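Tertiary structure, described
What follows is the residue order along each chain.
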Amino acid sequence: MTETPPPPPSASPRRSAPARAGYRALRAVRQALRLLAVELGTPTAPGTPLLGTVRNLWLRRLPYGVAFAFAVSLLPVTIAVLSHDYDMAGGMAGALATAQAAPLLLAVTRPLQAWWVIFAADLICAQALSLLDGTVGRPWPWPPPVIVGYLALMLALALRERRRTLIAVWLATGAAGIVSDFAAPDGIQSTWVLLFVLSGVVLMMGAILRERGDAQRKLIEQETISEAERARRTLLEERARIARELHDVVAHHMSVITVQADSAPYRIGGLPAAAADEFGAIAASARESLAEMRRLLGVLRSEESERHGGPEKAPQPGIGMLEKLVEATVRAGVPVELALPGEAAALEPAVDLSAYRIVQEALANVVRHAPGAPTRVSLQTAADGARLTVLIVNSPPPAPATPSAPLETGGTGHGLVGMRERVRLVDGSLDTGPLPDGGFRVAAQLPLAPPAAPASSPPTKDSGAL
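Residues numbered from 1 in each chain as written. Predicted model: local features only at pLDDT ≥ 70, side-chain atom pairs only at ≥ 80, totals over all residues. Heavy atoms only, no water.

1. Focus on the sheet that holds strand β3 (residues 336–339)
This is how the line gets drawn: For two strands to be treated as a pair, DSSP must find at least two bridges joining them. Only DSSP runs of H or I covering at least 4 residues are called helices, and only runs of E covering at least 2 are called strands; the numbering of each starts at the N terminus. Each axis is a line fitted through C-alpha atoms, and for a helix only the stretch in contact is used; angles between axes span 0 to 180 degrees, taken between their N-to-C directions.
What the five strands build is an open sheet, ordered β3-β4-β5-β7-β6; its pairing is mixed. Each of the sheet's edge strands pairs with one partner strand only, and the pair in question is β3 and β6 (429–434). Strand-to-strand twist in this sheet, taken as the mean axis angle between neighbours without regard to direction, amounts to 10 degrees. Across four bridges, the pairing between β3 and strand β4 (residues 375–381) is parallel. Of the residues in β4, the one forming a bridge with L338 is V377.

2. Notes on empty space enclosed by the protein
To keep it simple, the criterion reads: Two kinds of site are reported from a 1 Å grid over the protein atoms alone, namely cavities, where a 1.4 Å probe fits but cannot get out, and pockets, open sets with protein on both sides within 12 Å along at least five of seven lines, and residues are called lining when an atom falls within 4 Å of a point. Grid points are joined across faces, edges and corners, and a volume is the space filled by probe spheres set on the points.
All told, the structure shown has two cavities of 30 Å³ or more when counted by the stated rule. Size it by volume and the largest cavity reaches roughly 60 Å³. Every residue along the wall of the largest cavity is listed here: L74, T78, Q100, A101, I118, D122, P145, V146, G149 and Y150. Residue assignment for the lining of the largest cavity shows that the elements contributing at least two residues are α2 (57–85), α3 (90–101), α4 (111–129) and α5 (144–158).

3. Comments concerning the nonpolar core
Applicable threshold: Among buried residues, those of type Ala, Val, Leu, Ile, Met, Phe, Trp, Tyr and Cys that are joined through side-chain atoms within 4.5 Å constitute a nonpolar core. When accessible area is computed with a 1.4 Å probe and restricted to protein chains, residues below 20% of their type maximum are described as buried, those above 50% as exposed, and intermediate ones as partly exposed. Only heavy atoms matter for contacts: two residues are in contact if any of them lie within 4.5 Å across the pair.
Judged by nonpolar contacts, the single largest core of 43 residues is most densely connected at W115 and M154. Going through the elements one at a time, α2, α3, α4, α5, α6 (163–182) and α7 (192–267) are the ones with two or more residues in this core. Once you skip the residues sitting within four places of it in the chain, W115 turns out to touch L40, Y150, L153, M154, L157, V169, A172 and T173. The next biggest cluster of nonpolar side chains, apart from the first, holds 28 residues, and it includes V326, L347, I392 and M419.

This is the structure:
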């Protein structure tokens, strides 16, 4: 019998595991270097000045002044240190000092690009100093002026760049110091650890300041948005309340129409069948409209009113109830004088309700914000009978006091917002504002006749019934 040859031995796992581990390590190093290059090559908001969003003009100009002061002071100092202390040629010292100090002016708008220039100049300066005899016994690879300028640059970077970029800059600074330490001349005072630690501290402090400023700006923006949303919600709540109050007014008229249409065949003798059917259709439409209005009221009814017993069942007030309102306000500690028209004018229900609510809100504001202030409420009808003037004027309070709450709690609590909406509803006008003596004035002009409805175009054959 022929024996089958054994299969070739496979690669030993013990031999392939180190290779795979080395490959993974090499791939991780490549990814880290690629990420480092991306972070160091992608500046944040290039061209935008530091503190450019600050409202104060002097604070916006502060980075330019600081950068100019550092550049002007470090340039001659660096030239003097390199030429006198390290015995470097004057031309080379001037060129390196310019490359190390002048880019600080660029750091105001493009700090990351300025770092590339200064970092490269620092590396070239360290290599040049390692070849000079004057370096023995002196700081290397970073002379003191280089450290000062580099820390100023770190502050500009921290105020602009994101956290990963700052970490990449800090690691690049440390890597350059470690590499230079292997080629350090004999007898030098190593400064790479000092720069590495100080640059990390400056970057961390600057990043904390920047992130704190960003958080404050976002908080202010959020407060502005919340205030706008709060004002919008207040306006919508007031409009919904006005709609609920007007529901009672409209429902009364619709109920009258329904009763009249249903009773017409019994009240009018000899009514033709066609007319009786027409009255029946009118009554049915009125009842359907009332049902739709009740459903609409259920949508507009707030959760607060639901918690307090459901829909309001009390009749809507008018100027005939102002005397009771004034009495309640007087009991709250506010002396109020009321002046009503001599002849009772026939007011539309919406105008009557709006006049009462305006007075109610104005008196509530007096009780809350100016307790004890003498107040005068006057309602006057124009000579032509076209409008009603509602005027509430209060004097300054006699002494500072703790604001209290009005005895009547039927108001909306939305103050001037509710007044404006009610006046706009009846096509009137409102004028409010403080008085020179410290008081406050509310004046409303309400038309006695209902606002004219817009003229409707004649129906076409394509228009449907509403």
